[in-house]
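Structural description and commentary
Okay, here's what each chain looks like letter by letter:
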Amino acid sequence: MSSALDRLKNLTAHISSYELERKSNLKELEELYRHLGIDSKVECFEDLFSYKAINLSGLSLADEDLGSVKEGKYAQIIAIIYDKNATVKNKNISLAYYGRAEKLSMTQKKEIISFVLGWRFEKSFRTLEHYHNLRSAIREMENE
């Protein structure tokens, strides 16, 4: 019995730590959104989450070389939209351009990477909530 209670306590602590991290991430993300100039392309912060994905060119997001510069490339934050009615379904939109990646300061690289990773972190929560809501809707259909 106590082992089940311990597992429940651990799970609750784990979930609450994610929620605290999520709130902190959203605050930092909104600050970076303004600081990095993304607000000039996307007026409403919440609209950022309508994009299918956000990628980064010029800097690596890979685990083994996070933040390393891709020589000769330009650093920019790119949003991907999906239009099911268009001939070309996916479209890239530049949200912010920062010039040659090798000319960025360490602070600029950190902020740009933090924005992209922070967006992906929040987007994953929103996707999880979306599928949770769909599953709830299915259960409600079964009860009708």
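That block above? That's the structure.
1. As for the overall build of the chain
- Each helix and strand counted, the chain has two helices and three strands in total.
- Counting from the amino terminus, the chain carries its helices and strands in the arrangement α-β-β-β-α.
- In summary, the chain has a C-alpha radius of gyration of 19 Å against a globular reference of 15 Å for 144 residues, an excess of more than 25%.
- Long-range pairs, those at least 24 residues apart, make up 61% of the contacts in the chain between residues at least 6 apart in sequence.
- When the accessible surface of the chain is totalled, it reaches about 10,100 Å², and 54% of it is carbon and sulfur.
- The positive charge centre, built from 22 side chains, and the negative charge centre, built from 22, are 4 Å apart in the chain.

2. Concerning the sheet that holds strand 1 (residues 53–57)
- Taken together, three strands build an open sheet; the order of strands is 1-2-3 and the sheet is antiparallel. Among the strands making up the open sheet, the edge pair consists of strand 1 and strand 3 (90–100). Here the strands of the sheet are splayed against their neighbours by 20° on average, with no regard to which way each runs.
- As paired elements, strand 1 and strand 2 (residues 74–82) share five bridges and run antiparallel to each other. Across the sheet, the residue bridging to asparagine 55 is isoleucine 78, located in strand 2.
- Sitting on the sheet, helix 2 (residues 106–143) touches strand 1, strand 2 and strand 3, and the angle it makes with strand 1 is about 160°.

3. Notes on helix 1 (residues 2–35)
- For helix 1, which comprises 34 residues, the first-to-last C-alpha distance of 49 Å matches the rise-based estimate of 50 Å (1.5 Å per residue) to within 8%.
- The set of residues buried in helix 1 consists of Arg22, Asn25, Leu29, Leu32 and Tyr33.
- Contacts from the buried residues of helix 1 go to helix 2.
- Positive phi appears at glycine 37, one or two residues downstream of helix 1, with a value of about 80°.

4. Considering helix 2
- If you check helix 2, its first and last C-alpha atoms are 56 Å apart, about what 38 residues at 1.5 Å a residue would give, namely 56 Å.
- Those residues of helix 2 not exposed but buried are Lys109, Glu111, Ile112, Ile113, Phe115, Val116, Gly118, Trp119, Glu122, Lys123 and Phe125.
- Packed against the buried residues of helix 2 are helix 1, strand 1, strand 2 and strand 3.

5. Here's the deal with the side chain of glutamine 76
- By the secondary structure assignment, glutamine 76 is in strand 2.
- Apart from residues no more than four positions distant in its own chain, glutamine 76 is found in contact with Asn55, Leu56, Ser57, Ser94, Ala96, Tyr97 and Tyr98.

6. Focus on the packing of aromatic side chains
- Counted according to the given criterion, the structure contains six aromatic pairs.
- Taking the centre distance of 5.3 Å and the plane angle of 70° together, the rings of tyrosine 33 and phenylalanine 45 count as edge-to-face. In this pair, tyrosine 33 is assigned in helix 1 and phenylalanine 45 in the loop between helix 1 and strand 1, connecting sequence segments twelve residues apart.
- Phenylalanine 45 gets classed as buried once you look at its relative accessible area, which sits at 9%.
- A cation over a ring is seen here: arginine 126 above phenylalanine 49, with NZ or CZ 3.9 Å from the ring centre.

7. Observations concerning a nonpolar patch on the surface
- Together, Leu5, Leu8, Leu11 and Ile15 line one region of the surface with nonpolar side chains, adding up to about 370 Å² of accessible area.
- For isoleucine 15, the position within the fold is in helix 1.

Thresholds, definitions, all that
Residues numbered from 1 in each chain as written. Predicted model: local features only at pLDDT ≥ 70, side-chain atom pairs only at ≥ 80, totals over all residues. Heavy atoms only, no water. Helix = DSSP H or I, 4+ residues; strand = E, 2+ residues; numbered from the N terminus. Rg over C-alpha atoms; globule rule 2.2 N^0.38 Å. Contact = heavy atoms within 4.5 Å. Areas by Shrake-Rupley, 256 points an atom, 1.4 Å probe, with all protein chains shown as cover. Lys, Arg positive; Asp, Glu negative; His and termini not counted. Charge placed at Lys NZ, Arg CZ, Asp CG, Glu CD. Pairing = 2+ DSSP bridges. Axes fitted to C-alpha atoms, helices over the stretch in contact; angles between N-to-C directions. Expected span 1.5 Å × (residues − 1). Buried < 20%, exposed > 50% of the residue type's maximum accessible area, 1.4 Å probe, protein only. Phe/Tyr/Trp six-rings, centres within 6.5 Å; stacked < 30°, edge-to-face > 60°. Lys NZ or Arg CZ within 6 Å of the ring centre and 35° of its normal. Patch = residues over 30% accessible without salt bridge, like charges linked within 9 Å, V, L, I, M, F, W, Y side chains within 5 Å. Salt bridge = Lys/Arg side-chain N within 4 Å of Asp/Glu carboxyl O.

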